[in-house]
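Structural overview
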Amino acid sequence: MKKKWLLGILILVLGLLLVACGGDTASDEEPAAEADTPAAETTEDEAVADSAESETMDDETMDDEAMMDGDYPDIEPVRIALVMPSTTTDLAWSQSMYDSLKQLQDHYGADNFEIAFTENMFNVTDAAAAIRDYAESGYNLVIAHGAQYGTSLFEIAPDFPETSFAWGTTTNTGEEEGVTNVFAYEPRAEQGGYVQGVLAAHMTEAGIIGLVGPVDAGDAKLHVDGFTAGVRDTDPDIQMNISFTGSFGDTALAAEAANTHLQAGADVLTGSSQQVVGAIGVANEAKVPWLGIQADQSPAGEDVVVSTILYDWVPTLLEMITSNQAGEYGGRVLQLTLANHGQVFLYDEDLPADAVEAALAAEQGIIDGTIEIVADPRN
Amino acid sequence: MNGELTTIAIILGIIHQGIRLATPYLFAALGETFSQRSGVLNLGVEGIMLMGAFFSFYVASETGNLWLALLAAIIIGVLMGLFMAVVSITFQAEQGISGIGLYLFGLGMSSLLFKTMIGSVTGITGFSELQFCVTDSFCLADIPVLGEIFFSHSILTYGAFLLVPISVWLLKRTTWGLKVRSVGQNPEAADSVGVSVNRARYAAVILGSALAGIAGASLSISLLNVFQENMINGIGFIAVALVYFGGWSPVGVMFGALLFSTISALQLWGQVLGLNISSNISVMLPYILTIVALAIPFRRAAQPAALTKPFSRGEN
Amino acid sequence: MNRRWSDRLIDNLLYPLAAVLLAFLFGAVILLLQGVNPLEAYSSMVTGAFGSKNGLADTLVKAVPLMLVGLGIAIAFRGGVINIGAEGQLIVGALFTTWIGVQLGEQLPGAIAIILGLVGGALAGGVWGGISGYLKAKMDVNEILSTVMLNAIAIQIAFLLLRGPMIDPAELAAGTNIPHSARLPKTTDMPRFTDLAQMLGITGGADEVGIGGYLGEIYNVLVQPSRLHSGFIFAVIMAILVYIFLWRTTIGYRIRAVGLNRHASRYAGMNVPRTIVLSMTLSGMFAGLAGAVEILGLHHRMFEPTAVSAGYGFTGIVVALFGKLHPLGIIPSSILFGGLLVGGDKMQRAMQVPQVLTVAIVGLIILFVVSTDYLVRRRQNRRLSAEPDSLTTPDEPASPSITSAEVSA
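What comes next is a walk through the structure. In this text the structure is predicted, and so the values were computed from the model without any measurement.

Observations concerning the overall build of chain C
- Counting its secondary structure elements, chain C contains 19 helices and zero strands.
- For chain C, the residues scored as buried account for 62% of the 409 residues in total.
- Approximately 15200 Å² of chain C is accessible, and the part contributed by carbon and sulfur atoms is 67%.

Okay, here's the thing in structure tokens:
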């Protein structure tokens with residue numbers, strides 16, 4: 001009997017110990033911010049500041065940003081909810097959206113621009129519950145940040161005709177089903193991918209480029225298609241090695257895929273989805289340049305992440321907000337393109353000048369429509 | 001295509017990667033071998049690995065001291081193991097389920113701590129690959145063929161493989177190992193000759209969990225040098241499966257880990273070389289081949305007779 | 001008799017509840033350290049899961065796959081095999097159901113298409129589970145290992161099909177190439193509760209009928225539009241059928257006998273390998289059914305496989321054990337866990353508590369609940385020594401039978 005109680009106490013101590021570990025440091029980091037701000041937000045702010053910093057590295061993007069700054073329209077107070085499949089810290093798809101929302105909040109102030117978010121909603125049933133809940137709580141715009149949420153969205157949206165919903169990657173606004181208050185958004189990942197391909201083709205000396213993808217579908221597929229076309233159009237002799245890990249979260253396999261590319265002679269690496277932080281770790285170790293996509297991935301490898309296609313959702317978000325406030329609640333497909341600054345390039349200042357020049361030319365070419373991206377068929 | 005890549009270079013690459021990729025599987029599976037040999041199925045390896053990966057990464061990024069980081073992984077592994085042992089041994093819980101509980105607890109806690117203590121994904125400098133330099137100009141890693149395969153790994157990889165003979169020795173040659181095996185095979189008999197069944201099981205589970213902690217660390221501070229939520233992504237569960245695969249012998253487990261990791265490396269190379277296979281099929285390959293390898297009747301598994309069976313004196 | 005009933009109540013209800021409470025206590029400490037008021041957080045959790053029409057509907061919607069998967073897991077456990085492969089079996093079932101629905105849904109009347117879809121999903125899941133059963137029975141391949149591997153394989157097969165032959169033609173036309181199937185024809189949607197109510201001629205909400213308060217919310221769940229679909233009724237019927245199957249038929253008895261003691265069953269002349277294959281196949285069939293019902297009742301199209309299986313394969317194991325591996329125990333158990341997950345998400349939204357905290361708490365609940373089995377057994381042992389005639393029969397849904405089965409393996 002005595003032993004049993006002893007063990008009971010033991011569990012308690014163990015639990016408290018674990019908890020104490022977490023608690024102590026959390027309060028160390030933010031001594032006064034306990035009251036309102038959840039810990040994650042403070043660090044997020046830093047992340048935003050970081051990306052702002054790296055943007056200033058390049059004149060071209062800074063100009064764009066400056067121009068954009070003046071473009072912030074006056075808006076009425078708005079409440080936005082975000083439902084995402086991974087986390088605000090995934091350095092990829094979900095974080096890019098969250099960072100843009102935070103950027104807008106910084107501009108308009110938390111009183112006029114309220115953000116709520118739900119993470120890890122890979123379970124579609126849970127996501128649907130969250131979407132409905134947000135709509136019921138009176139959020140003006142509910143963003144379902146994943147292609148898997150569409151069916152649920154079209155079921156919920158008609159019940160809340162004055163709430164705007166948005167989802168992507170897709171071009172389907174549910175018009176056929178009579179839904180009128182859903183925005184569809186779609187990053188034209190092949191555009192950024194193409195420019196990055198041009199950049200990579202100018203950077204590689206070995207003539208071999210390695211790409212670590214998740215699953216050969218959707219956004220990732222578009223990026224790979226564009227990237228490959230960019231490389232091919234620059235120098236058809238360059239070898240493109242592409243590997244997919246078969247999932248979005250297999251960090252270890254992504255790292256090993258990067259290792260494989262290195263051993264196969266690649267001297268420039270790229271890839272997409274949240275698992276690539278493993279591959280960036282490998283690139284960092286080997287000091288091989290990495291070209292990032294979606295969110296600014298330089299925190300995972302400061303020296304090697306030399307360029308990023310940043311998904312800048314700010315213009316898209318503003319479009320949806322102003323549209324919502326003008327009484328048009330949905331029905332449009334919004335694309336993130338180079339032309340509308342939905343995709344912004346960050347270039348490291350250490351990049352070779354000719355490579356950046358070629359990339360900028362490609363950017364311009366895509367914007368002007370002089371470059372047509374034709375993808376090769378793949379398996 | 002890939003004109004400069006000779007067949008030999010590719011084969012060397014596959015072997016080298018197979019060895020490296022085996023590291024986390026090996027640590028975790030060897031630890032699980034101890035646990036199962038004592039009669040406790042610890043399905044929570046994945047959760048322990050996540051906690052080990054997080055704490056070692058955190059300590060490494062705060063102090064920069066990798067050995068301290070490794071120690072942190074061991075300590076958290078021991079604590080998680082103690083938790084598992086209390087639930088599964090003392091409270092005789094259904095082990096498959098308590099393991100899932102431990103996994104979820106580890107997954108939730110490591111993600112929560114990551115969010116509150118670090119907040120965003122960052123990189124660190126982890127254990128790098130050793131070169132074994134005899135003189136300034138000559139390193140063992142420079143030896144053709146052998147050097148590339150055997151002498152350019154991180155210290156944790158060597159540790160993992162060194163652990164194989166150590167485990168054999170511990171299990172086969174020491175009194176403690178005898179106790180562990182006997183309580184896993186026939187706890188009643190072991191008890192009747194005065195072996196404390198539960199103490200031996202506690203020790204085995206805690207040792208196994210400490211190794212699982214190191215397995216997590218081998219990813220976050222040696223192979224990947226980052227921490228991300230849920231970064232273990234199933235390696236812990238495959239490690240448990242590898243113990244069955246290896247027939248509860250450390251050497252068998254090693255071959256299992258190597259087979260699995262080498263096939264993984266093989267499929268990555270298959271893709272890189274542009275073989276005309278869909279990526280989905282090549283990703284499936286390691287799993288299919290593991291099942292096929294298991295179905296080949298070359299060895300009958302020697303499952304510890306009392307595996308998953310709690311022991312309580314006089315009550316059963 | 002009366003005393004035994006109260007004993008059962010304590011064993012099956014009081015102990016698990018105490019364990020849940022303890023886990024929440026730990027959660028409260030963590031919440032406090034995060035600067036969140038635990039009482040507020042937990043009350044948002046409970047009201048989120050059970051307090052309103054939508055919360056209740058979501059909880060029940062989530063209980064459907066959990067219940068079906070849990071039933072399958074229980075059959076496997078009762079038969080002495082461990083099925084960790086429900087994830088894969090669910091995915092395969094969902095895939096096949098989708099294929100049937102998309103191919104045949106237009107030509108056939110809705111009801112027949114739904115039945116075909118359910119049967120197809122069950123068959124596909126059964127085949128996937130049966131592979132593991134066959135490998136175990138005939139080649140001595142451990143089922144834990146083979147089911148883990150088959151999960152990974154099922155995911156890749158799904159991606160392969162959804163990128164190729166099964167992709168939504170609209171995705172190809174739009175060039176977005178998102179790997180999901182076309183929507184199944186509307187005729188194949190399993191009717192929702194509100195549709196059933198309309199069929200019965202009940203249309204008014206709680207206000208109109210004059211039921212107020214919480215009862216009104218419950219009434220609204222049944223009558224007003226929500227995502228709650230007839231899959232819930234289907235799952236409950238299945239639970240009752242599984243109970244009858246396991247305890248009232250010869251095959252069911254054989255499965256439990258093999259699960260309790262493989263050696264004795266062999267001596268008794270039972271075909272043990274065949275029974276193992278059967279348990280595993282049936283187990284897979286129920287996971288496949290879960291996939292089928294998710295498609296026909298909820299998603300109406302197949303998309304990213306892990307988003308469809310959504311961890312039900314693992315949570316289902318917990319549900320089955322929490323329900324003491326008894327089909328009728330699994331019904332409340334699945335609702336409870338459905339509520340826990342729905343409420344946890346609600347807590348995330350209401351308090352901006354990271355969702356991973358719920359994961360940690362669920363882990364703790366599992367650990368504490370399985371620990372209480374020990375106390376239950378001790379009580380039972382004490383009772384057994386007090387009244388020696390009430391020996392444990394196979395009818396006693398007390399403790400999992402897996403342990404004794406493994407010994408004789």
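Right, picking up where we left off after that structure.
Considering the interface of chain C and chain A
- Each partner contributes to the interface: chain C provides 40 residues, whereas chain A provides 44 residues.
- A combined buried area of about 3800 Å² lies between chain C and chain A, and 55% of that area is made up of carbon and sulfur atoms.
- When the buried area of chain C at its contact with chain A is split by residue, C:R227, C:R349 and C:Q352 rank highest and sum to 17% of it.
- Summed over the shared surface of chain C and chain A, the number is four salt bridges.

Thoughts on the environment of B:G52
Residues and elements named next belong to chain B.
- If you trace the backbone, G52 turns up in helix 2 (residues 45-63).
- In this structure G52 comes out as buried when scored by relative accessible area, which is 0%.
- Spatially, the C-alpha atom of G52 lies 8.4 Å from that of L70, the residues being 18 residues apart in sequence.
- The residues touching G52, leaving out its near neighbours within four places in the chain, are A73, I76, G213, G216 and A217.

Focus: the sheet that holds strand 5 (residues 182-187) of chain A
Residues and elements named next belong to chain A.
- Strand order in the open sheet formed by six strands is 2-1-3-4-5-11, with parallel pairing between adjacent strands. What marks the edges here is a single partner per strand, and that holds for strand 2 (113-118) and strand 11 (333-336). In this sheet, neighbouring strand axes are inclined to one another by 20 degrees on average, regardless of whether the strands run parallel or antiparallel.
- Of the strand pairs in this sheet, strand 1 (residues 78-83) and strand 3 (residues 141-144) are connected by four bridges, and their pairing is parallel.

Some details on the layout of surface pockets
- Of the volumes computed, that of the second largest pocket is approximately 850 Å³.
- What lines the second largest pocket is a set of 36 residues, among which A:T151, A:F154, A:E177, C:R183 and C:K186 lie closest to the centre.
- When the residues that make up the lining of the second largest pocket are grouped by side-chain class, the tally is 10 nonpolar, 11 polar and 15 charged.

Some remarks on the nonpolar core
- If you look at the biggest cluster of nonpolar residues, it comprises 242 residues, and the most contacted ones within it are B:M49, B:F54, B:L219, B:I221 and C:L68.
- Setting aside residues no more than four positions away along its own chain, B:L219 makes contact with A:A252, B:P24, B:M49, B:L224, B:N225, B:M231, B:I232 and B:I235.
- One finds A:V78, A:Y194, A:V224 and A:V356 within the second-largest nonpolar core, a separate group that totals 63 residues.

Side note on unusual backbone geometry
Residue and element names in this part refer to chain A.
- At the junction of G168 and T169, the peptide bond is cis and its omega measures out at 5 degrees in the coordinates.
- Examined against the element boundaries, T169 turns out to sit in the loop between strand 4 (164-168) and strand 5.
- A positive phi angle, near 55 degrees, is found at N120, a position not held by glycine.
- Note on placement: N120 falls in the loop between strand 2 and helix 5 (124-136).

A short note on the interface of chain B and chain A
- Facing 57 residues of chain B, the contacting portion of chain A comprises 54 residues.
- Taken together, the two surfaces of chain B and chain A that pack against each other cover about 4500 Å², and 60% of this comes from carbon and sulfur.
- For the pair chain B and chain A, the number of links is two salt bridges.
- A:E119 is the salt-bridge partner of B:K115, the closest N and O atoms lying 2.6 Å from each other.
- Going through the elements one at a time, helix 1 (7-37), helix 2, helix 3 (66-90), helix 4 (95-118), helix 9 (197-223), helix 11 (250-272) and helix 12 (279-295) of chain B are the ones with two or more residues in the side of chain B that touches chain A.
- Ranked by the residues each element gives to the side of chain B that touches chain A, the list is headed by helix 4 of chain B, at eight residues.

Considerations on the packing of aromatic side chains
- Considering all chains together, one arrives at 29 aromatic pairs over all chains under this definition.
- On the numbers, 5.1 Å between centres and 70 degrees between planes, the contact of B:W67 with B:F127 is edge-to-face. One end of the pair, B:W67, is in helix 3; the other, B:F127, is in the loop between helix 4 and helix 5 (146-150), with 60 residues separating them in the sequence.
- Given a relative accessible area of 8%, B:F127 falls into the buried group.
- Every member of this aromatic cluster is reached through a ring pair, and the members are B:F54, B:F55, B:F57, B:Y58, B:F114 and B:F227.
- A cation sits over an aromatic face here: A:R79 above A:Y139, 4.1 Å from the ring centre.
- Sitting above the plane of the A:Y134 ring, C:R349 keeps its charged end 6.0 Å from the centroid.

Here we look at the pairing of strand 7 (residues 239-244) of chain A
Residue and element names in this part refer to chain A.
- Along strand 7, six of the six residues are buried, which leaves the element largely enclosed by surrounding structure.
- Judged by which residues are buried, strand 7 turns out to be covered on both faces: Q239, N241 and S243 on one side and M240, I242 and F244 on the other are all buried.
- After leaving strand 6 (residues 208-213), the chain enters helix 8 (residues 218-234) and then returns to the sheet as strand 7, a path that is right-handed.

Side note on the pattern of salt bridges
- Under the counting rule described, the total for this entry stands at 20 salt bridges over all chains.
- In this structure, the salt-bridge partner of A:D225 is A:K221, at a minimum N-O distance of 3.2 Å. Of the two residues, A:D225 and A:K221 both sit in helix 8, four residues apart, roughly one turn of that helix.
- What makes A:D225 buried here is its relative accessible area of 12%.
- The class for A:K221 is partly exposed, based on a relative accessible area of 21%.
- Residues C:R301 and C:D168 are paired through a salt bridge, measuring 3.6 Å at the closest nitrogen-oxygen approach. Residue C:R301 is located in the loop between helix 14 (272-299) and helix 15 (305-309), and its partner C:D168 is located in the loop between helix 6 (143-163) and helix 7 (169-174); the two are separated by 133 residues in the primary sequence. Accessibility assignment for this pair places C:R301 and C:D168 in one class, buried.
- In this structure, a network of salt bridges that share partners links the residues A:E119, B:K115 and B:E229.

Let's talk about the packing of helix 11 (residues 231-248) of chain C against helix 14 of chain C
All names here are of chain C.
- Direction vectors running N to C along helix 11 and helix 14 enclose 170 degrees, while the axes themselves pass 11 Å from each other. By the angle class used here, helix 11 and helix 14 are roughly antiparallel. On helix 14, the residues touching G231, F234, M238, V242 and F245 of helix 11 are L282, F286, L289 and V293.

Notes on the environment of C:V272
All names here are of chain C.
- Its place among the elements puts V272 in helix 14.
- Sequence separation between V272 and A257 is 15 residues, and the spatial gap between their C-alpha atoms is 9.7 Å.
- V272 has contacts with V258, R262, S265 and R266, leaving out every residue within four places of it along the chain.

Observations regarding the side chain of C:K136
- Tracing the backbone shows C:K136 in helix 5 (residues 110-139).
- Aside from chain neighbours lying at most four places away, what touches C:K136 is C:V81, C:V141, C:E143, C:R262 and C:I276.

Digging into helix 4 of chain B
- When the terminal C-alpha atoms of helix 4 of chain B are compared, their 33 Å separation across 24 residues agrees well with the 34 Å that a helix rising 1.5 Å per residue should span.
- Burial runs high along helix 4 of chain B: 24 of the 24 residues are buried.

A closer look at the pairing of strand 11 of chain A
Residue and element names in this part refer to chain A.
- Side chains L334 and L336 project from strand 11 onto a buried face, and the interleaved V333 and Q335 project onto a face without burial.
- In terms of strand pairing, strand 5 meets strand 11 through four bridges, oriented parallel. Counted as the bridge partner of Y185 is L334 from strand 11.

About the thresholds
- Residues numbered from 1 in each chain as written.
- Chains lettered and ligands numbered in written order.
- Predicted model: local features only at pLDDT ≥ 70, side-chain atom pairs only at ≥ 80, totals over all residues.
- Heavy atoms only, no water.
- Helix = DSSP H or I, 4+ residues; strand = E, 2+ residues; numbered from the N terminus.
- Buried < 20%, exposed > 50% of the residue type's maximum accessible area, 1.4 Å probe, protein only.
- Areas by Shrake-Rupley, 256 points an atom, 1.4 Å probe, with all protein chains shown as cover.
- Contact = heavy atoms within 4.5 Å.
- Buried area = accessible area lost by both parts, 1.4 Å probe.
- Salt bridge = Lys/Arg side-chain N within 4 Å of Asp/Glu carboxyl O.
- Pairing = 2+ DSSP bridges.
- Axes fitted to C-alpha atoms, helices over the stretch in contact; angles between N-to-C directions.
- 1 Å grid on protein atoms, 1.4 Å probe; cavity = no way out; pocket = protein on both sides within 12 Å on 5 of 7 lines; lining within 4 Å.
- Points joined across faces, edges and corners; volume = space filled by probe spheres on them.
- Nonpolar A, V, L, I, M, F, W, Y, C, P; charged D, E, K, R; others polar.
- Core = buried A, V, L, I, M, F, W, Y, C linked by side-chain atoms within 4.5 Å.
- Phe/Tyr/Trp six-rings, centres within 6.5 Å; stacked < 30°, edge-to-face > 60°.
- Lys NZ or Arg CZ within 6 Å of the ring centre and 35° of its normal.
- Right-handed = clockwise from strand over helix to strand, strands pointing away.
- Parallel < 35°, antiparallel > 145°, perpendicular 65-115°, else oblique.
- Expected span 1.5 Å × (residues − 1).

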